[in-house]
Amino acid sequence: MKLPLEFYQEQDTLTLSQRLLGCELVHESPEGTTAGIIVETEAYLTGDPACHAYRRRTARNAAMFGPAGTLYVYLIYGFYYCLNVVTGPEDVGEAVLIRALEPTEGISLMGERRNLDPSTSAGLRGLTSGPGKLVIAMGITKEHNFQSLTTPDAVSPVYIRPRRRTAIEMVTTTRIGITQGADLPYRFYEKGNRFVSKW
DNA sequence: TGAAGGATCAACT
DNA sequence: GTTGATCCTTCAG
């Protein structure tokens, strides 16, 4: 059921950013399985000054240069991790940032990880309504950097599967929290979904 | 060798 | 609306 390698290989980064909306991100962790529908993404392309791979390949951004369908996890502001899906051919540093999820599975486990009460409306929304939050709720760590979304390795499996739902209305805007390339329309989210981080 | 700054969040006023 | 928490990477000297 998981999306095959070809899904990541055969589409460019901007197309993938849009097509990942409505798909479901799954983590089969030792504590239990958590999953959520992707409702917000951002694209980071080569030649884009906001992209970590813009300057050159370094130890930090090396995963972005891996094959499509690889995970890129990195620390931001010293506190939080962000989760990216690597796209583009090998040796091309492009990726899609997953910015928000709508929880579907393992909600009580997410609540424990986030120290929130999912039985309240605010608590539920707070589980995954931002890139740093969803990484905590899903139990994803820096150990998942470089892991494949299609070929499980030693770390607990993370993958994305299609999820049938009615056609969504998509909104295209500029990206959040960056200074370079701030005018580029590379952010995509599901219109009206309350788990989107900001609208 | 050092210092600046960043794809964030939560708790303040 | 503003600010503090806190750490790793990068670039300059």
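Residues numbered from 1 in each chain as written. Chains lettered and ligands numbered in written order. Predicted model: local features only at pLDDT ≥ 70, side-chain atom pairs only at ≥ 80, totals over all residues. Heavy atoms only, no water.

**What about the side chain of Asn193?**
Next up, step 1: Take Asn193: it is sitting in the segment after strand S8 (187-190).
Next up, step 2: Accessibility expressed as a relative area gives 9% for Asn193, which makes it buried.
Next up, step 3: Within polar-contact distance, the side chain of Asn193 engages the backbone nitrogen of Phe195 at 2.8 Å. (Helix = DSSP H or I, 4+ residues; strand = E, 2+ residues; numbered from the N terminus. Buried < 20%, exposed > 50% of the residue type's maximum accessible area, 1.4 Å probe, protein only. Polar contact = N/O pair within 3.5 Å; in protein donor to acceptor, adjacent residues only side chain to side chain.)

**Quick word on the protein's contact with DNA strand B**
Next up, step 1: In the neighbourhood of DNA strand B, 20 residues make up the surrounding shell, with Tyr77, Asn84, Arg114, Gly132 and Gly177 lying closest.
Next up, step 2: Of everything in DNA strand B that lies within 4 Å of the protein, sugar and phosphate atoms constitute 51%.
Next up, step 3: A distance of 3.0 Å separates a base nitrogen of DNA strand B from a polar side-chain atom of Tyr74.
Next up, step 4: Pro131 is positioned with one of its backbone polar atoms (N or O) 3.2 Å from a phosphate oxygen of DNA strand B.
Next up, step 5: Counting residues per element, the ones that place at least two in the surface near DNA strand B are strand S3 (71-76), strand S4 (80-86), strand S5 (95-105) and helix H5 (131-138).
Next up, step 6: Class assignment for the residues of the surface near DNA strand B results in 11 nonpolar, 6 polar and 3 charged. (Near = heavy atom within 4 Å. Nonpolar A, V, L, I, M, F, W, Y, C, P; charged D, E, K, R; others polar.)

**Some details on the protein's contact with DNA strand C**
Next up, step 1: In the vicinity of DNA strand C, the residues found are Arg55, Arg56, Thr58, Arg60, Leu75, Tyr77, Gly78 and Phe79.
Next up, step 2: Across the atoms of DNA strand C situated within 4 Å of the protein, the share located in sugar and phosphate is 67%.
Next up, step 3: A distance of 3.4 Å is found between a phosphate oxygen of DNA strand C and a side-chain nitrogen or oxygen belonging to Arg55.
Next up, step 4: A distance of 2.4 Å is found between a phosphate oxygen of DNA strand C and a side-chain nitrogen or oxygen belonging to Arg56.
Next up, step 5: When the residues that make up the surface near DNA strand C are grouped by side-chain class, the tally is 3 nonpolar, 2 polar and 3 charged.

**Some points on the UniProt feature "transmembrane region" (unreviewed entry) in chain A**
Next up, step 1: Per the UniProt record, "transmembrane region" (unreviewed entry) is annotated on residues 62-81.
Next up, step 2: Taken end to end, residues 62-81 has its terminal C-alpha atoms 16 Å apart, with 0% of it in helix and 40% in strand. (UniProt positions renumbered as here; feature names shortened; annotations may be inferred.)

**As for the packing of helix H3 (residues 107-114) against H5**
Next up, step 1: Where H3 contacts H5, the axes come no closer than 7 Å and their chain directions differ by 115 degrees. As summarised for this structure, H3 and H5 are arranged roughly perpendicular, according to the angle between their axes. Considering the relative orientation of H3 and H5, their crossing is right-handed. Of the residues in H5, those in contact with Met110, Arg113 and Arg114 of H3 are Lys133, Ile136, Ala137 and Met138.
Next up, step 2: Taken together, the residues that form the contact of H3 with H5 break down as 4 nonpolar, no polar and 3 charged. (Axes fitted to C-alpha atoms, helices over the stretch in contact; angles between N-to-C directions. Parallel < 35°, antiparallel > 145°, perpendicular 65-115°, else oblique. Left-handed = near helix turned anticlockwise from the far one by under 90°. Contact = heavy atoms within 4.5 Å.)

**Let's talk about a nonpolar patch on the surface**
Next up, step 1: Taken together, the side chains of Tyr77, Phe79 and Tyr80 make up a nonpolar region of the molecular surface, amounting to roughly 440 Å² of accessible area.
Next up, step 2: Along the chain, Tyr80 falls in strand S4. (Patch = residues over 30% accessible without salt bridge, like charges linked within 9 Å, V, L, I, M, F, W, Y side chains within 5 Å. Areas by Shrake-Rupley, 256 points an atom, 1.4 Å probe, with all protein chains shown as cover. Salt bridge = Lys/Arg side-chain N within 4 Å of Asp/Glu carboxyl O.)

**Examining the environment of Arg125**
Next up, step 1: Looking at the secondary structure, you find Arg125 in helix H4 (residues 121-126).
Next up, step 2: Expressed as a C-alpha distance, the spacing of Arg125 and Leu101, which sit 24 residues apart in the sequence, is 9.4 Å.
Next up, step 3: The contacts of Arg125, once residues within four sequence positions are left out, are Arg194, Phe195, Val196, Ser197 and Trp199.

**So, the environment of Leu21**
Next up, step 1: Mapped onto the elements, Leu21 comes out in the loop between helix H2 (13-19) and strand S1 (24-29).
Next up, step 2: A relative accessible area of 7% places Leu21 in the buried class.
Next up, step 3: The spacing of Leu21 and Pro162 is 141 residues in sequence and 9.6 Å in space, taken between C-alpha atoms.
Next up, step 4: In contact with Leu21, other than residues within four places in its own chain, are Ile38, Val39, Glu40, Thr41, Ile168, Met170, Phe188, Tyr189 and Glu190.

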